[in-house]
Amino acid sequence: MEFSFSNPLWRWEKRRELWTFVSLSEDASDKIAAATERFTHGFGSVRVEATVGGSTWRTSIFPSDATYILPIKKAVREAEGLELDAPVVGKVRLVDVEAPQQ
């Protein structure tokens, strides 16, 4: 299962010097939560393969309020020229979940 996003890059208030995130949409987050009930890890995290521009990496998304959040590491921010509060366009693919049969 794959989900696209285009949302602003923001810093986590508790560790502003280290952690930046992009929030996924509420609709995507609802679908992810339903599809991953049996596949969550610590803190409710879900393993994903993320792509932003030409950068692809494996990480986890985390539940936060009404959405999942995707951490954007410094190497990706620098490689893709990402800035705080500017839109980040990309996608996440769930690693542990296969697409439903049709």
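Here the structure is shown first, and the text comes after it.
Residues numbered from 1 in each chain as written. Predicted model: local features only at pLDDT ≥ 70, side-chain atom pairs only at ≥ 80, totals over all residues. Heavy atoms only, no water.

1. Let's talk about the packing of aromatic side chains
Under the defined criterion, the tally for this structure stands at two aromatic pairs. Counting every residue linked through ring pairs, the aromatic cluster contains W10, W19 and F21. (Phe/Tyr/Trp six-rings, centres within 6.5 Å; stacked < 30°, edge-to-face > 60°.)

2. Some thoughts on helix α1 (residues 26–35)
If you check which residues of α1 are buried, you get A28, S29 and I32. Taken end-on, α1 shows its buried residues confined to a sector of 100°, consistent with a single buried face. Among the exposed residues of α1, those oriented more than 90 degrees off its buried face are E26, D30 and A34. (Buried < 20%, exposed > 50% of the residue type's maximum accessible area, 1.4 Å probe, protein only. Helix = DSSP H or I, 4+ residues; strand = E, 2+ residues; numbered from the N terminus. Arc of directions from axis to C-beta.)

3. With respect to the pairing of strand β6 (residues 87–94)
Of the two faces of β6, the one holding V88, G90, V92 and L94 is buried and the one holding P87, V89, K91 and R93 is not buried anywhere. Two strands pair when backbone bridges link them, and strand β1 (residues 2–11) and β6 are joined in this way by seven bridges, in the antiparallel orientation. Counted as the bridge partner of E2 is R93 from β6. With five bridges connecting them, strand β3 (residues 46–52) and β6 associate as antiparallel partners. From the neighbouring strand, T51 faces β6, where its bridge partner is K91. (Pairing = 2+ DSSP bridges.)

4. Examining a nonpolar patch on the surface
On the surface, W12, L18 and W19 cluster together into a nonpolar patch covering about 290 Å² of accessible area. Locating L18 in the fold gives a position in the loop between β1 and β2 (20–23). By relative accessible area, which is 43% here, L18 ends up partly exposed. (Patch = residues over 30% accessible without salt bridge, like charges linked within 9 Å, V, L, I, M, F, W, Y side chains within 5 Å. Areas by Shrake-Rupley, 256 points an atom, 1.4 Å probe, with all protein chains shown as cover. Salt bridge = Lys/Arg side-chain N within 4 Å of Asp/Glu carboxyl O.)

5. Points about the environment of G44
If you trace the backbone, G44 turns up in the loop between α1 and β3. Look at G44 and you get partly exposed, because its relative accessible area is 24%. Separated by 11 residues in sequence, G44 and A33 place their C-alpha atoms 9.4 Å apart. Discounting chain neighbours no more than four positions away, the residues touching G44 are I61, P63 and Y68. (Contact = heavy atoms within 4.5 Å.)

6. Considerations on the side chain of T67
Mapped onto the secondary structure, T67 falls in strand β5 (residues 67–71). Judged by its relative accessible area of 15%, T67 is buried. With near-sequence residues (within four places) excluded, T67 lies in contact with S23, L24, S25, E26, S29 and F62.

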